[in-house]
Each structure stands twice: as structure tokens, then as C-alpha cells.
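Single-letter residue listing:
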Amino acid sequence: MRHAGGRNDRPSLARSLVAEGLGTAYLLIAIVGSGILGERLAAGNIALALLANALSTGAALYALIVWLAPLSGAHFNPLISLVLAFRGDIAPRVAGLYVPAQLAGAIAGVAIADAMFDVPLYALSSHLRSGHSQWLSEFLITFGLIGMVWTCSRVRPSALAGAVAAYIGAGFWFTATDFANPAVALARAFTDTFSGIRPIDVPGFLIAEMLGAVAAVALFRWLVPSLR
């Protein structure tokens, strides 16, 4: 999740911001859209709907990272941008601009997904997602994601797209939640569909995600000091 290419072919900041917003929008389209269609086609079978949601999200995430990494680094996640800025991979100013681009893309992606499936645009979600089990899950899924990006982006960059996509897709099943992304959590509050989250539940998720990211950086800075 770093810019590819040499000095002369590196994309401009404006192009990188557009790519980051576009990729985050597509990620939310995949999450919300597959959730809506999966629920409709599953005829009440929640496990089948979740399976469709997980497979579609993982596949889309892999494709998006491979597609847009040369243009923006394919972060699609404010925490990833901030962590890589902390390590010095990108400038703090760039990370500060990436975050609003990601948030705008995520919110736009939710509306597009809702529009494709003829559900109300920007309807606040009524989907309950709260409690210690949910927060623990969100901490763990975020911890793993940030730890993976911290190490693989330097040690195995060619494997990062597949690792992240597989991890997030699997996370739909081995955790009680699978957001690991503040932009995703905030945007999903605006869709009253299978993938939604009540706005009142979002702050708990954001806190758990930030704690997971901080814990991952602290541990992996110690585990692999050469990657600081």
C-alpha cells in the first residue's frame, strides 16, 4: 500500500486523492450492495447472506488494491493512512488529505449502492451493533489489519493485496464484526440495510478501532524493529 513507480511517473497528489476516494467508494458499494442482494436472495438464511457479503467484499477489496495501489497506495482506510504517515511512508499532509477523501468516497459509495437496489438513500440504520463482544471483535480485527499492513507493506508488498482481502473476508466469520475502518463504520450508519450500523453505535466502534491500531503499532514496532 505504497506508491509505485519512480520519481517521474508518481501520480500527482490530486490524482492520488481522487483514486483514494474512488477506491473507498467502490469498497462501500461492494459491502453494502452485496449485503442487500445477498439478503434478498438468501430468503431469510442469514448465514448464506453473510457468506455472499464476505466473498464479494474480499474479492472486491483485492481487485481495488491491485487496481489503485499504483495511484494512491490503496489505503481506503483513515487508520492505514495515519499509521503509514506515523512511520514516515507518506507525508503527514498527504495523510491529512487522504482521510476526508476516504470519508467522502465511503459516504458516496453507500448512496450509490442504495440507489442501485432501490432502497432509500441515506436512511439512518436501525441495525443494532453494540456491546463488549462487538467492541472486542472490532479491536481484534483492526489490530490484525494494521499489523498485517505494517509488516507486509515492507517485507512482502507483493502479497499485501491478497493478504488483506483474505483477512477481511475471513473476518466476517471469525469475529462478531468486520469493519476495521472508521470510514466504513461512519458510512454504514447511513444505510438501513443488511450492512448498516446504528449511528449511536458508531463511537464505540471508532474507539475500538483506534485502540486496535495503536496496540498493533506498539507491538509490531517491537517485534520487527527494522520496520520502524
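Attention in this report is confined to the structure presented alongside it. Computed from a prediction, not measured in an experiment: that's the story for all the values here.

## Looking at the overall build of the protein
- Each helix and strand counted, the protein has 8 helices and 0 strands in total.
- Counting from the amino terminus, the protein carries its helices and strands in the arrangement α-α-α-α-α-α-α-α.
- Over its C-alpha trace the protein gives a radius of gyration of 17 Å, about what one expects of a compact globule, namely 17 Å for 228 residues.
- The principal-axis extents of the C-alpha atoms in the protein amount to approximately 50 × 35 × 30 Å.
- For the protein, the residues scored as buried account for 53% of the 228 residues in total.
- Within the protein, residue pairs in contact and separated by at least 24 positions form 78% of the contacts whose partners lie at least 6 positions apart.
- Surface summary for the protein: the accessible area is close to 10,200 Å², and the carbon and sulfur share equals 69%.

## Some words on the packing of helix α3 (residues 78–87) against helix α4 (residues 92–116)
- Contact geometry for α3 and α4: axes closest at 9 Å, N-to-C directions at 180°. Regarding the angle of α3 to α4, the classification is roughly antiparallel. In this structure, α3 uses Pro78, Ser81, Leu82 and Ala85 to contact α4, whose residues at the interface are Pro92, Ala95, Tyr98, Val99 and Gln102.
- When grouped by side-chain class, the residues that make up the contact of α3 with α4 number 7 nonpolar, 2 polar and no charged.

## Quick look at the nonpolar core
- Core analysis: the biggest nonpolar cluster contains 58 residues, and Leu61, Phe76, Leu145, Ile146, Val164 and Ile168 have the highest contact counts within it.
- Taken together, the elements giving at least two residues each to this core come down to α1 (13–42), α2 (46–72), α3, α4, α5 (132–155), α6 (160–174), α7 (182–188) and α8 (202–223).

## Digging into the side chain of Ser34
- Relative to the helices and strands, Ser34 is located in helix α1.
- Among the polar contacts listed, one links the side chain of Ser34 to the backbone oxygen of Ala30, at a separation of 2.5 Å.
- A polar contact is formed between the side chain of Ser34 and the side chain of Asn53, at a distance of 2.8 Å.
- Ignoring sequence-local partners within four residues, the contact set of Ser34 consists of Ile29, Ala52, Asn53, Ser56 and Thr57.

## A short note on the pattern of salt bridges
- Applying the stated criterion to the full structure yields 3 salt bridges.
- Put simply, Arg198 and Asp201 hold a salt bridge, and the shortest N to O gap is 2.9 Å.
- Classification of Arg198 by relative accessible area gives partly exposed; the value is 28%.
- Where salt bridges share partners, they join Arg87, Asp89 and Arg154 into one cluster.

Thresholds, definitions, all that
- Residues numbered from 1 in each chain as written.
- Predicted model: local features only at pLDDT ≥ 70, side-chain atom pairs only at ≥ 80, totals over all residues.
- Heavy atoms only, no water.
- Helix = DSSP H or I, 4+ residues; strand = E, 2+ residues; numbered from the N terminus.
- Rg over C-alpha atoms; globule rule 2.2 N^0.38 Å.
- Buried < 20%, exposed > 50% of the residue type's maximum accessible area, 1.4 Å probe, protein only.
- Contact = heavy atoms within 4.5 Å.
- Areas by Shrake-Rupley, 256 points an atom, 1.4 Å probe, with all protein chains shown as cover.
- Axes fitted to C-alpha atoms, helices over the stretch in contact; angles between N-to-C directions.
- Parallel < 35°, antiparallel > 145°, perpendicular 65-115°, else oblique.
- Nonpolar A, V, L, I, M, F, W, Y, C, P; charged D, E, K, R; others polar.
- Core = buried A, V, L, I, M, F, W, Y, C linked by side-chain atoms within 4.5 Å.
- Polar contact = N/O pair within 3.5 Å; in protein donor to acceptor, adjacent residues only side chain to side chain.
- Salt bridge = Lys/Arg side-chain N within 4 Å of Asp/Glu carboxyl O.

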